[in-house]
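Reading the structure
Each chain, letter by letter, is given below.
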Amino acid sequence: MVQLNFRGSKPIRLQIEEGIIRLIETGAILRDEKLPAIRELAATMTLNPRMIEQSYQHLQQLGYLYEDGGDYYVAVSINEQYRAKLLREFDHLVEELERESVSRDELCSRLLEDRKEVETNDDRSESCH
C-alpha cells in the first residue's frame, strides 16, 4: 500500500499520510473505498497500531478520510482532492505574497483582471469584497 523509508529523515507518520494521499491522487484508491484496518496495516508494515491510527485520524481531520463504525474510508474523489490541494497551494502563495507586502486589494485586482477575458463569455459578476 505505502512504501516507507525507515532510514530517511521524514517522520514515518508523515510518510504514511503522504503515501495515502498519493494513492488517492493517482486513483489507486477511490472515494468510499475502505482502507485496511488499523491493526492489519500496522502488522503488515510492522508498526505500532497507534501510528496508523494517528495517521488515519489526521487524514480524517484534513478531509481525506471518514470513519464509519471504526473503519476508515476515502472521503474525496481525485478531482475534489486535487482541487483542495490547489486551494491549499493558493492559500500558501497568498500568505507568502502578503509577507512580501502585497496587499489583499492588489491580489484581488489581479485576480479580477485575469478573469476579464473569461467574464466576457460568462454572465457571472465576481467580486473580491
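Let us look at the structure shown here. (Residues numbered from 1 in each chain as written. Predicted model: local features only at pLDDT ≥ 70, side-chain atom pairs only at ≥ 80, totals over all residues. Heavy atoms only, no water.)

Time to look at unusual backbone geometry. What is expected of a backbone is that most residues other than glycine have negative phi and most peptide bonds are trans. One non-glycine residue, Asp32, lies in the positive phi region at around 70 degrees. The residue Asp32 is located in the loop between helix 1 (12-25) and helix 2 (38-45) in this model. A relative accessible area of 45% places Asp32 in the partly exposed class. One non-glycine residue with positive phi stands out, namely Ser101, at about 70 degrees. Its place among the elements puts Ser101 in the loop between helix 4 (78-99) and helix 5 (104-119). (Helix = DSSP H or I, 4+ residues; strand = E, 2+ residues; numbered from the N terminus. Buried < 20%, exposed > 50% of the residue type's maximum accessible area, 1.4 Å probe, protein only.)

A few words now on the pattern of salt bridges. For the structure on display, the rule yields 5 salt bridges. The salt bridge involving Asp71 is made with Lys34; its shortest N-O contact spans 3.7 Å. Of the two residues, Asp71 sits in strand 2 (residues 71-74) while Lys34 sits in the loop between helix 1 and helix 2, which places them 37 residues apart along the sequence. Residue Lys34 is classed as partly exposed on the basis of its relative accessible area, which comes to 46%. In this structure, Arg50 and Glu53 form a salt bridge, with 2.7 Å as the shortest nitrogen-oxygen distance. Taken together, the residues span about one helical turn, with Arg50 and Glu53 both in helix 3 (residues 49-61) at a distance of 3 residues. (Salt bridge = Lys/Arg side-chain N within 4 Å of Asp/Glu carboxyl O.)

Geometric values such as these leave the question of function open.
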